[in-house]
Amino acid sequence: MFHNFVEIFCKSKLTYMNKIILSVLFSLSFNICLSQSPDSPLIEKLKRDVIFLSSDELEGRNTGTESEKIAADYIIEKLKFYKVSPKGTNGFFQEFTAKINANPHTNTSTKEIIGKNVVGYLDNQSENTVIIGAHYDHIGYGEYGSRYFGDPDVHNGADDNASGVSVMIQLADQLKSIKDYNFLFIGFSGEEYGLYGSSFYAKNPTVNLENVSYMLNFDMIGRYVDSVGLAVNGVGTSSHWDDLLAQVNENFDFKLVKSESGVGPSDHTSFYLQNIPVLHFFTGQHDDYHTPRDDFDKINFEGMQKILLFVADLIKNSTKIENFDFVETATESKDVPKFKVTLGIMPDYMFSGKGLRIDGVSKGKVADSYGILKGDIVTKIGNVDVLDIMSYMEGLSKYEKGEKALVEIKRGDKILSLEVIF
């Protein structure tokens, strides 16, 4: 394994300085893995990927940076090792540009970022293709979307989303015996700024999307806990998902937390909007999300391996289905509500009850100012009943900055009505 990596590494087209960085990182990950108790070969691979992608030297993989490019080159070399061919517009790369707020706290100025999706293809000469995706960008030193209030520091993004990228890479190896599908592997850039990379690919595909059976998205799957479970979003986007998941889970016994909607805060949304069945795998939010504390030493690699093997079996079992139908889910509309204000909370995406349960409150934001707490459940914003994340966004969309709103909160057995100013 070590010699295989060295051979790939030495043949890569990285700069001399980047090769030095990579060699140091590989040495670090290799020694860390060897110093621990023996793991399965698959867990060792997952560890090496996550340790590399979430190292300080990659500086948080912010979109368009040299550090993100190093991460992209790493993904490419791994895919090439598993005999995956380039399927971008320039080798493995598909470049796009996007305009974002130069200052995330204002809407007064914009800047242009250039991202690069990494696109690879395992061509089995099949009529049907399965897309496997994960975003590889993160938020750098916390310039955008950080929940951290200290001095600028590297937001390593081990769970978000080195974990998902690693599973995507290793599926290229695990799926090589399945010839019923072609497999398209996409490492998305620009996800943290608003699904820019996946949206661009879905509108500018390098394969015929009419031949895509479904899309699987891995975003934050590194913190699996048995008692919390594995979230699987998008189950309603095909009539086949429920039965397939139940069938495969007989051998894994996951506590599956399922949601039907094909729309959510990750890259599967872009493909659902193109009438493609999707699933998004997710192990839940945590206090380290979008902070410098999201490091590899907090990753449950055994859990990642279990999820990977579960998905491999899911794909294998899906080959028995002749036609994967697409179903528009209960969001009814494909228009995602746009909003200019926020409470400054982190939703609990593992919550399956009525309302939106809060999994974290950002210091100094609206919710914090009005005494809203982690564990509270938002049930109403103004005249909008909050049933889930979509209706929560709909409620926010009714307001502008500086306006007042009556927010209804369930705290234990009590219902609180708070008048807040956004």
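Because the structure is a prediction, the values reported are computed rather than measured.

K.L.:
Mind showing me how you'd approach the overall build of the chain here?
P.N.:
Helix and strand counts for the chain come out as 11 helices and 15 strands. Expressed as a percentage of its 422 residues, the buried residues of the chain come to 55%. By sequence separation, contacts in the chain at least 24 residues apart represent 74% of the contacts at least 6 residues apart.

K.L.:
Honestly, a negative patch on the surface in this entry has me stumped. Any pointers?
P.N.:
A cluster of like negative charges, contributed by D56, E57, E59, D151 and D153, occupies part of the molecular surface. Its place among the elements puts D151 in the loop between β4 (129–135) and α5 (158–174). On the accessibility criterion, D151 (64% relative accessible area) is exposed.

K.L.:
Hey, could you run me through the nonpolar core in this one?
P.N.:
Within soluble globular proteins, side chains that are nonpolar generally end up buried alongside one another. Counting residues in each nonpolar core, the largest one holds 65 residues, and the members touching the most others are I132, L171, F183, F185, F218, F281 and I315. Sequence-distant contacts of I132, defined by excluding residues within four places in its chain, comprise M168, L171, L175, F183, L184, F185, I186, L216, F218 and I315. Listed in part, the 38 residues of the second largest apolar core include V119, M215, A405 and V407.

K.L.:
Looking at this model, I keep getting lost on unusual backbone geometry. Mind explaining?
P.N.:
Residues other than glycine predominantly adopt negative phi, and peptide bonds predominantly adopt the trans conformation. The residue after D160, namely N161, is reached through a cis peptide bond having omega 5°. Looking at the secondary structure, you find N161 in helix α5. A positive phi is found at R61, a non-glycine position, where the angle reads about 55°. Locating R61 in the fold gives a position in the loop between α3 (41–53) and α4 (66–81). What makes R61 buried here is its relative accessible area of 1%.

K.L.:
Before we go on, may I ask you to explain the packing of aromatic side chains in this structure?
P.N.:
Any two aromatic rings considered together are summarised by their centre-to-centre distance and by the angle between their planes. The full count for this structure, using the stated rule, is 19 aromatic pairs. Taking the centre distance of 5.5 Å and the plane angle of 45° together, the rings of Y272 and F326 count as tilted. With a gap of 54 residues between them, Y272 in helix α8 (residues 268–272) and F326 in the loop between α9 (301–318) and β10 (345–347) connect regions that are remote in the sequence. For Y272, a relative accessible area of 0% gives the class buried. Through successive ring pairs, a cluster of aromatic residues spans Y181, F183, F185, Y214, W241 and F324. Taking the ring centre of F93 as reference, the NZ or CZ of K116 above it sits at 4.9 Å.

K.L.:
Could you clarify how one ought to interpret the packing of α3 against α9 in this entry?
P.N.:
Packed helix pairs are characterised by how far apart their axes lie and by the angle those axes make with each other. Taken N-terminus to C-terminus, the directions of α3 and α9 make an angle of 110°; their axes are 9 Å apart at the nearest point. Regarding the angle of α3 to α9, the classification is roughly perpendicular. Crossing hand, α3 versus α9: right-handed. The residues of α9 that touch α3, namely those facing L42, I43, L46, K47 and V50, are F301, E302, M304, Q305, L308 and L309. In terms of residue class, the contact of α3 with α9 is made up of eight nonpolar, one polar and two charged.

Cut-offs and rules
Residues numbered from 1 in each chain as written. Predicted model: local features only at pLDDT ≥ 70, side-chain atom pairs only at ≥ 80, totals over all residues. Heavy atoms only, no water. Helix = DSSP H or I, 4+ residues; strand = E, 2+ residues; numbered from the N terminus. Buried < 20%, exposed > 50% of the residue type's maximum accessible area, 1.4 Å probe, protein only. Contact = heavy atoms within 4.5 Å. Patch = residues over 30% accessible without salt bridge, like charges linked within 9 Å, V, L, I, M, F, W, Y side chains within 5 Å. Areas by Shrake-Rupley, 256 points an atom, 1.4 Å probe, with all protein chains shown as cover. Salt bridge = Lys/Arg side-chain N within 4 Å of Asp/Glu carboxyl O. Lys, Arg positive; Asp, Glu negative; His and termini not counted. Charge placed at Lys NZ, Arg CZ, Asp CG, Glu CD. Core = buried A, V, L, I, M, F, W, Y, C linked by side-chain atoms within 4.5 Å. Phe/Tyr/Trp six-rings, centres within 6.5 Å; stacked < 30°, edge-to-face > 60°. Lys NZ or Arg CZ within 6 Å of the ring centre and 35° of its normal. Axes fitted to C-alpha atoms, helices over the stretch in contact; angles between N-to-C directions. Parallel < 35°, antiparallel > 145°, perpendicular 65-115°, else oblique. Left-handed = near helix turned anticlockwise from the far one by under 90°. Nonpolar A, V, L, I, M, F, W, Y, C, P; charged D, E, K, R; others polar.

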